[in-house]
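For reference, the chains in residue letters:
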Amino acid sequence: MAAFSIHGDIVWTETKDSFRSIENGYLNIKDGKIESVSSENPGYETIETDGALVIPGLSDLHLHAPQYAFMGLYMDEELLDWLNNHTFPEEGKYGNMEYAEKAYSAFADALRTSPTTRVSVFGTIHTDTVLLLMKKLENAGLSGFAGKVNMDRNSPDYLTEDTSVSVKETERFINECNSFAEIKPIITPRFVPSCSDGLMEALSSIRKKYNLPVQSHLDENLSEIDWVKELCPWSRNYADVYRHFGMLGEESIMAHSVWLDSAEIDLLASTGTYIAHSPSSNMNLSSGIAPIRRYLEAGCNIGLATDVAGGSTISMFRIIEDAVGVSKLRWRFDEKSGSPLKFSEAFYLASKGGGSFFGKTGSFEKGYDADVVVLDDTESTVLRPELSAEKRLEYYAYRHADKPVKAKFLKGKRVL
Ligand code: GUN
Ligand code: FE
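What counts and what doesn't
Residues numbered from 1 in each chain as written. Chains lettered and ligands numbered in written order. Predicted model: local features only at pLDDT ≥ 70, side-chain atom pairs only at ≥ 80, totals over all residues. Heavy atoms only, no water. Helix = DSSP H or I, 4+ residues; strand = E, 2+ residues; numbered from the N terminus. Rg over C-alpha atoms; globule rule 2.2 N^0.38 Å. Buried < 20%, exposed > 50% of the residue type's maximum accessible area, 1.4 Å probe, protein only. Contact = heavy atoms within 4.5 Å. Areas by Shrake-Rupley, 256 points an atom, 1.4 Å probe, with all protein chains shown as cover. Near = heavy atom within 4 Å. Polar contact = N/O pair within 3.5 Å; in protein donor to acceptor, adjacent residues only side chain to side chain. Pairing = 2+ DSSP bridges. Axes fitted to C-alpha atoms, helices over the stretch in contact; angles between N-to-C directions. Core = buried A, V, L, I, M, F, W, Y, C linked by side-chain atoms within 4.5 Å. Disulfide = S-S within 2.5 Å. Donors = N, O, S within 2.8 Å, 3.2 Å for Na, K, Ca; no water. Tetrahedral: all angles 85-135°; square planar, octahedral: opposite > 155°, others 65-115°. Expected span 1.5 Å × (residues − 1).

## Digging into the overall build of the protein chain
So, step 1. A count of helical and extended segments in the protein chain gives 14 helices and 17 strands.
So, step 2. Relative to its length of 416 residues, the protein chain is compact, with a C-alpha radius of gyration of 21 Å against a globular reference of 22 Å.
So, step 3. Dimensions of the protein chain, computed from C-alpha atoms along their principal axes, come out at roughly 60 × 50 × 35 Å.
So, step 4. Across the 416 residues that make up the protein chain, the buried fraction comes to 60%.
So, step 5. Long-range contacts, defined as pairs at least 24 residues apart, comprise 74% of the intrachain contacts of the protein chain with a sequence gap of at least 6.
So, step 6. Carbon and sulfur atoms form 49% of the exposed surface of the protein chain, whose accessible area is close to 15,700 Å².

## Description of the site of ligand 1
So, step 1. As a matter of local geometry, ligand 1 sits amid 13 residues, with H64, Q67, R190, E220 and D307 nearest to it.
So, step 2. Between ligand 1 and the protein, one listed contact pairs an oxygen atom with a side-chain N or O atom of R190 at 2.7 Å.
So, step 3. With respect to ligand 1, the side chain of D307 contributes an N or O atom lying 2.8 Å from a nitrogen atom.
So, step 4. When ligand 1 is considered free in solution it has 280 Å² of accessible area, and contact with the protein chains removes 100% of it.
So, step 5. A total of three residues in the shell around ligand 1 trace back to one element, the largest contributor, which is helix α1 (residues 79-91).

## Here's the deal with the sheet that holds strand β9 (residues 183-185)
So, step 1. Taken together, the four strands give an open sheet; going across it, the order is β5-β6-β7-β9, and neighbouring strands pair in parallel fashion. Only two strands of the sheet have a single neighbouring strand rather than two, namely β5 (58-64) and β9. Within the sheet, the average angular offset between the axes of one strand and its neighbour, ignoring direction, is 25°.
So, step 2. Inspection of the sheet shows strand β7 (residues 143-147) paired to β9 by three bridges, in the parallel sense. Bridge pairing links F145 to K184 in β9.

## Quick word on the nonpolar core
So, step 1. Y242, F317 and L393 are the most contacted members of the largest nonpolar core, which totals 105 residues.
So, step 2. Sequence-distant contacts of Y242, defined by excluding residues within four places in its chain, comprise F191, V192, M200, S216, H217, L218, M247, L248 and M254.
So, step 3. Counting residues in hydrophobic clusters, the runner-up holds 18 residues, among them I6, I22, F364 and Y368.

## Section: unusual backbone geometry
So, step 1. With an omega of 5°, the peptide bond running from V308 to A309 counts as cis.
So, step 2. Tracing the sequence through the fold places A309 in the loop between β14 (301-304) and α11 (316-333).
So, step 3. A positive phi angle, near 60°, is found at D50, a position not held by glycine.
So, step 4. Residue placement: D50 occurs in strand β4 (residues 45-56).
So, step 5. For N211, which is not glycine, the phi dihedral falls at a positive 55°.

## Notes on the state of the cysteines
So, step 1. Across all of its chains, the model carries zero disulfides by this definition.
So, step 2. No disulfide involves C195; its sulfur sits 10 Å from the nearest other cysteine sulfur, which is in C232.
So, step 3. The exposure class of C195 is buried, given its relative accessible area of 1%.
So, step 4. Note on C232: relative accessible area 1%, which makes it buried.

## Here we look at the coordination of the iron ion (ligand 2)
So, step 1. The iron ion (ligand 2) binds to the protein through H62 (NE2), H64 (NE2), H217 (NE2) and D307 (OD), with metal-donor distances spanning 2.0 to 2.2 Å.
So, step 2. Of note is the iron ion (ligand 2), whose four donor atoms meet at the metal with angles of 87 to 171° in an arrangement that counts as irregular.
So, step 3. In the primary structure, the donors to the iron ion (ligand 2) are separated according to the pattern H-x1-H-x152-H-x89-D. With H64 in strand β5 and H217 in strand β11 (residues 214-218), the pair connects residues that are 153 residues apart, well separated along the chain. The pair formed by H64 and H217 is uniform in burial state, with each residue classed as buried.

## Considering α1
So, step 1. Counted at 1.5 Å a residue, the expected span for α1 with its 13 residues is 18 Å, but the 15 Å between its end C-alpha atoms falls short.
So, step 2. All of the buried residues in α1 are L79, L80, W82, L83, H86, T87, F88, E90 and E91.
So, step 3. Where α1 is buried, its residues meet β5, α2 (97-112) and α6 (222-231).

## Let's talk about the side chain of S166
So, step 1. Tracing the chain through its elements places S166 in helix α4 (residues 163-176).
So, step 2. Within the local environment of S166, its side chain forms a polar contact with the side chain of E161, the two groups lying 2.8 Å apart.
So, step 3. Sequence-distant contacts of S166, defined by excluding residues within four places in its chain, comprise K148, N150, M151, E161 and L199.

## Some thoughts on the environment of L375
So, step 1. With respect to the secondary-structure elements, L375 resides in strand β15 (residues 372-375).
So, step 2. On the basis of relative accessibility, which here comes to 0%, the residue L375 falls in the buried class.
So, step 3. In this structure, L375 is in contact with A52, L53, I55, F317, L393, Y396 and V405, ignoring residues within four places of it in sequence.

See below:
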């Protein structure tokens, strides 16, 4: 791949505490990787952005593809009712290829024009339509993981798998999706209430056999947590169940993690398990406000996530806004949970923080994958010409979260 430069106002975060920026700069890309950011033109072929903002691609650490078609509905119910009344009936439709074709096309299209470049996605129990989903994500210029969901208990008949079928289908899924270059399989036990101990053990062996990452839900909602205590009386806490089955570590994403106790915080921090902070969903489903400052201070790996359709947006800019917003509410009600997040911190979590799950993405440091998003913010040059590049990014993120991005690159390849 030839070397080239993108000319514009370049903004990124290498640490959570501050932005780096070079206005009127050149983002220099060679062989799909970031080579440098410079004020001088290095003489490569140059893509002009006409003074647009150039930022790293964002990572959505947790979202449900089959829930996109009903995103924005039933947002006045709590988690378990919402799952039983709306989510499970919707997911039941994904045994039907025609419906999946229509709904997954819309989902992939929405991501294609968004600032997101990396995703870790839940499908449904239906292997064949999850394979279709992976193809659509790959064609939409995304990279990351997608999982066939496993469920063998406490679910409606039409989503309850026989344990041995669930295991066999998971292996078929893994074997049939190896033709995709960018979207890879991830083991996806839905959450403890919907997976028997036998299924968890089998998934853990499959994970070791194929050396695959894992994703699930943890400590999201109080009624769910009480239920897990009843189902697993032997466990010290909810996170201990996943530990017991070998499902924590740097290759593991635990969505939500709103209500971690101090032992669980230590366990997630010491294992390097990723927390997918989903503030929009946590509001909509009355789950609570995760104390992200505490988790950061404990050294946890954290990324941000839409959790479509618990979250009612596919835009990571709106998630950044919500992460800052809920952290202020939490602090206002309980100062001991630590100071609110700054915009730079939320942006860092959405870019380099969550991005580190996928490798080197989300920053413009040398050697990072050239995952790049170009934003047309001409509005700010008219209304707020005095703003610095990083302030223009904040202005854009809050005002134009759902606007299609102007251009997008994945590993140096133009995808939009
Ligand atoms: N816990 C188990 N399944 C789900 C789901 O689909 N969405 C959310 N938000 N939480 C869950
Ligand atoms: Fe979820």
